[in-house]
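What follows is each chain in one-letter form.
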Amino acid sequence: MHSHLDLCSGIGGFALGLQNTGYFKTSAFCEIDSYCHKVLNKNFPDIPIYSDIREFSPTKENINPFIITSGFPCQPFSVAGRQKGKDDNRNLWKETFRIIKESKPTWFIGENVSGIVRMYLDTILEDLESANYSTRCFIISAQSIGAKHERERIWIISDSNYARRKEQWQSLTNEKKNETFKCSNWWEIESELCGTPNGLS
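Draft legend 1. Inspection of the confidence of the model for the chain at higher detail. Put simply, the chain has an average pLDDT of 81, and 73% of its residues get 70 or more. A low-confidence stretch, residues 180–201 (pLDDT under 50), is modelled with 41 contacts involving residues beyond four sequence positions or located in other chains.

Draft legend 2. How the structure looks around the pairing of strand 1 (residues 2–7). Of all the six residues making up strand 1, five are buried; the element is thus mostly covered by neighbouring parts of the structure. Between the parallel pair strand 1 and strand 2 (residues 24–30), the chain is carried across by helix 1 (residues 13–20), and the sense of this crossover is right-handed. Here strand 1 runs beside strand 4 (residues 67–70); their pairing, made up of four bridges, is parallel. Counterpart to D6 in the pairing with strand 4 is T69.

Draft legend 3. Structural view of the sheet that holds strand 4. Strand order in the open sheet formed by seven strands is 3-2-1-4-5-7-6, with mixed pairing between adjacent strands. The open sheet has two free edges, formed respectively by strand 3 (49–50) and strand 6 (133–140), since each of these has just one partner strand. This element, helix 3 (residues 93–103), spans strand 1, strand 4, strand 5 (107–113) and strand 6 of the sheet and lies at about 175° to strand 4.

What counts and how
- Residues numbered from 1 in each chain as written.
- Predicted model: local features only at pLDDT ≥ 70, side-chain atom pairs only at ≥ 80, totals over all residues.
- Heavy atoms only, no water.
- pLDDT = per-residue confidence, 0-100.
- Contact = heavy atoms within 4.5 Å.
- Buried < 20%, exposed > 50% of the residue type's maximum accessible area, 1.4 Å probe, protein only.
- Helix = DSSP H or I, 4+ residues; strand = E, 2+ residues; numbered from the N terminus.
- Right-handed = clockwise from strand over helix to strand, strands pointing away.
- Pairing = 2+ DSSP bridges.
- Axes fitted to C-alpha atoms, helices over the stretch in contact; angles between N-to-C directions.

What follows is the structure, given as structure tokens:
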């Protein structure tokens, strides 16, 4: 089972979806809304809930997630709101990103309204790239699964370049371990894969 940390959890949609695959177990929720706490406690009774993302530190709580998900608040970017974007105090991307940098998960999945594309997506992509993540984004509407309303949402899916390259390096060394291999040092193996070493240990 892979460990999952769910930020800005709402009523636990990410956790439900990931757990239903059979490959993930949610370690913790982080959600401030009291009603959502009741729903989470009912549906996920043994999983701890942390209330304030601004005060939450996974490292201090000994939480080491393989994947982090976050439905960080959409009000700053929604066409139904004032669209203050980065200046809205409900914008919790920076806290989400702080936790990503602290936890270093292999995967991150975020969800928000499509209005974020125009107002803030570049910042999110730049932040993730600075932390050595590769990212793809998809806009999916509710209509695409049969609903009568459009309700577009953007999905931000990132994977760690470091984790992927480490897997490649380990795979290559396993393949070559019984051969006379020209690379006598790990950084030479890394160079064969992708040019120059970048944080492997």
